[in-house]
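# Observations on chain architecture
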Amino acid sequence: MFCNPNRGEGLVIPTARIEDYLEAVFDEEVRGGSPTVTRLAERLSVTKGTVVPALKKLVEEGLLDHERYGTPSLTEAGRQKALTIYRRHQILSFLFGEVLGIRRDHAVNLACELEHLLDENSEARLFLLTDYLGKGLREGVPWMEELQARLNDPVRLPRPLTMGESGSRYRVVRVTAEGVLRKRLLEQGFVPGTLLVHRGFSPLGDPLDVEIRGGRLALRRSEAATVWVESEEAEG
């Protein structure tokens with residue numbers, strides 16, 4: 001599945017959209033195919049009239065050779081640039097689709113948007129991370145299975161305590177308050193890993209009654225909003 005250059009709008013073709021054409025020509029090349037105007041239009045789900053000005057732009061930038069009615073071919077500079085974009089797309093697609101379990105078409109769309117934003121350093125770091133996670137996935141190591149179980153369980157997504165349900169048990173994940181309030185909340189026991197029970201708000205909607213470490217505390221709504229929790233149901 002390829003990036004659709006029509007994601008952008010307007011008469012001026014954005015750099016990212018031009019790079020989509022460059023990537024498509026490269027992919028045809030490494031597959032032993034022929035990147036004709038017709039073939040590129042089919043693969044990118046655009047009209048041939050849209051492909052032609054994009055290829056012209058690539059020729060102007062010295063990334064492509066294309067004689068009238070001929071088959072486009074990458075210059076060495078174009079091939080190097082296309083390889084970079086192609087590699088970034090593969091890394092991101094694998095990370096979003098195989099590791100994070102995002103639906104394939106959406107994973108590809110995300111990769112299409114982000115591949116143009118990476119620099120060499122971020123690409124290298126993402127490659128090493130993806131390679132490490134991919135190895136764990138292939139070998140079926142316990143920590144990778146646990147990671148995927150967590151990713152597939154929306155109950156595990158942290159939320160402010162104010163968004164919890166009365167009577168439910170939660171585990172503190174983090175405290176986002178700063179300064180004096182943060183210090184006080186930590187001293188009251190809202191430390192990451194601590195279990196608590198949401199006992200509901202007062203009839204007037206403030207404060208929130210919380211059961212924690214064997215005691216009961218009343219937190220203002222503004223204070224409770226800085227305590228992030230995950231459902232204890234996630235622990236089974």
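This structure is a prediction, so every number in the text was calculated from the model and none was measured.

### Focus on unusual backbone geometry
- Cis geometry marks the peptide bond from aspartate 206 to proline 207, where omega comes out at 5°.
- Of note in the backbone geometry, serine 45 takes a positive phi value of approximately 55° without being a glycine.
- Along the polypeptide, serine 45 turns up in the loop between helix H2 (37-44) and helix H3 (48-60).

### Looking at the nonpolar core
- Judged by nonpolar contacts, the single largest core of 20 residues is most densely connected at Tyr21, Leu22, Val51, Leu55, Leu58 and Leu74.
- Where this core is concerned, the elements lending two or more residues are helix H1 (15-30), H2, H3 and helix H4 (76-99).
- With six residues, the top contributor of residues to this core is H1.
- Not counting residues within four places of it along the chain, the set of residues in contact with valine 51 comprises Tyr21, Val37, Leu40, Ala41 and Val46.
- Of all hydrophobic cores here, the second largest spans 15 residues; its members include Leu196, Leu208, Val227 and Val229.

### Regarding H2
- Three or more residues of H2 are buried, namely Val37, Leu40, Ala41, Arg43 and Leu44. Buried positions in H2, seen along its axis, are confined to an arc of 170° and lie on one side of it.
- Two residues or fewer after H2 comes serine 45, characterised by a positive phi angle close to 55°.

Cut-offs used in this document
- Residues numbered from 1 in each chain as written.
- Predicted model: local features only at pLDDT ≥ 70, side-chain atom pairs only at ≥ 80, totals over all residues.
- Heavy atoms only, no water.
- Helix = DSSP H or I, 4+ residues; strand = E, 2+ residues; numbered from the N terminus.
- Core = buried A, V, L, I, M, F, W, Y, C linked by side-chain atoms within 4.5 Å.
- Buried < 20%, exposed > 50% of the residue type's maximum accessible area, 1.4 Å probe, protein only.
- Contact = heavy atoms within 4.5 Å.
- Arc of directions from axis to C-beta.

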